[in-house]
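# Architecture at a glance
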Amino acid sequence: MSDSKSNDKSSKKKKNGKEKEPDITFYHPDLLEVPEDGSPPYLKGYKCKKCGQLDFPKLSPCPNCWGEEFEMVPLSRKGTVYSVTDIMVPAPGMKPPYVIAYVDLPENLRILAQLEGEVGSFKCNEEVELTVGPIRLNDDGLPIMSYKFKKAS
């Protein structure tokens, strides 16, 4: 496209005659922290202040004790692939092929995430580490950034 709307991605679009704010470009900031000081990103776990159960994402109330107060806990940046699959037929807004997996973290949490890398290149029990990258396109055709995992270096 070469129209002005595609060149100015920050401009408001019109929908049903009304101005519309641009779609989000960062997915769930309550799950992922990308420090401004350049230190590595981390996932945010939530520990119940009443019983100590750690969850990702935050479950409120706590499914263990019904507590409603939580402490944010930075989660480990490395984990192990529990199960992996290559996706050839994508969900809307996603470009195939891509890889998704359940990743086990040392905190006894299992997280579903996209993996950054070639289809067919990941195996169960392989060590992976957290990274940040595009997971799909938003309604405005811009990448939505979120957590992913890649092969550990």
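Basis of the calculations
- Residues numbered from 1 in each chain as written.
- Predicted model: local features only at pLDDT ≥ 70, side-chain atom pairs only at ≥ 80, totals over all residues.
- Heavy atoms only, no water.
- Helix = DSSP H or I, 4+ residues; strand = E, 2+ residues; numbered from the N terminus.
- Buried < 20%, exposed > 50% of the residue type's maximum accessible area, 1.4 Å probe, protein only.
- Contact = heavy atoms within 4.5 Å.
- Lys, Arg positive; Asp, Glu negative; His and termini not counted.
- Salt bridge = Lys/Arg side-chain N within 4 Å of Asp/Glu carboxyl O.
- Core = buried A, V, L, I, M, F, W, Y, C linked by side-chain atoms within 4.5 Å.
- Pairing = 2+ DSSP bridges.

A tally of regular secondary structure across the protein chain gives one helix and eleven strands. Sorting the 153 residues of the protein chain into buried and exposed places 31% on the buried side. Taking all contacts inside the protein chain whose residues are at least 6 apart in sequence as the whole, residues at least 24 apart take part in 45%.

Secondary-structure assignment places P90 in the loop between β7 (78-87) and β8 (98-105). On the basis of relative accessibility, which here comes to 31%, the residue P90 falls in the partly exposed class. Those residues in contact with P90 that sit more than four places away from it in its chain are P96 and Y98.

This part is about the side chain of D55. Position of D55 among the secondary structure elements: in strand β5 (residues 54-55). No salt bridge is formed by the buried D55, whose closest oppositely charged neighbour, K58, lies at an N-O distance of 11 Å. Setting aside residues up to four positions removed in sequence, D55 forms contacts with G45, Y46, P63 and L109.

Core analysis: the biggest nonpolar cluster contains 19 residues, and L43, F56, L75, I111, L115, Y147 and F149 have the highest contact counts within it. Only β8, β9 (109-116), β10 (127-137) and β11 (143-151) provide two or more residues apiece to this core. The contact partners of I111, leaving out residues within four places of it in the chain, are L43, F56, L75, A101, Y102, V103, L105 and Y147.

Pairing of β9 with β11 involves two bridges; the strand directions are parallel. Within β11, the residue paired with L115 across the bridge is F149. Where β10 and β11 come together, nine bridges link them in antiparallel fashion. Looking at β11, one finds that E129 is bridged to K150. Joining the antiparallel neighbours β10 and β11 is a turn of five residues, in which G141 adopts a positive phi near 80 degrees.

Here the focus is the pattern of salt bridges. Under the definition given, this model contains four salt bridges. In this structure, K44 engages E33 in a salt bridge whose closest nitrogen and oxygen atoms are separated by 3.0 Å. You can see K44 sitting in strand β4 (residues 42-48) and its partner E33 sitting in strand β3 (residues 32-33), a full eleven residues away along the chain. According to the relative accessible area criterion, K44 is buried, its value standing at 13%. Residue classification places E33 among the partly exposed positions, given a relative accessible area of 27%. The closest approach of N and O atoms between D104 and R110, which form a salt bridge, is 2.6 Å. We classify D104 as partly exposed; its relative accessible area is 24%. The partly exposed category is assigned to R110, whose relative accessible area is 43%.

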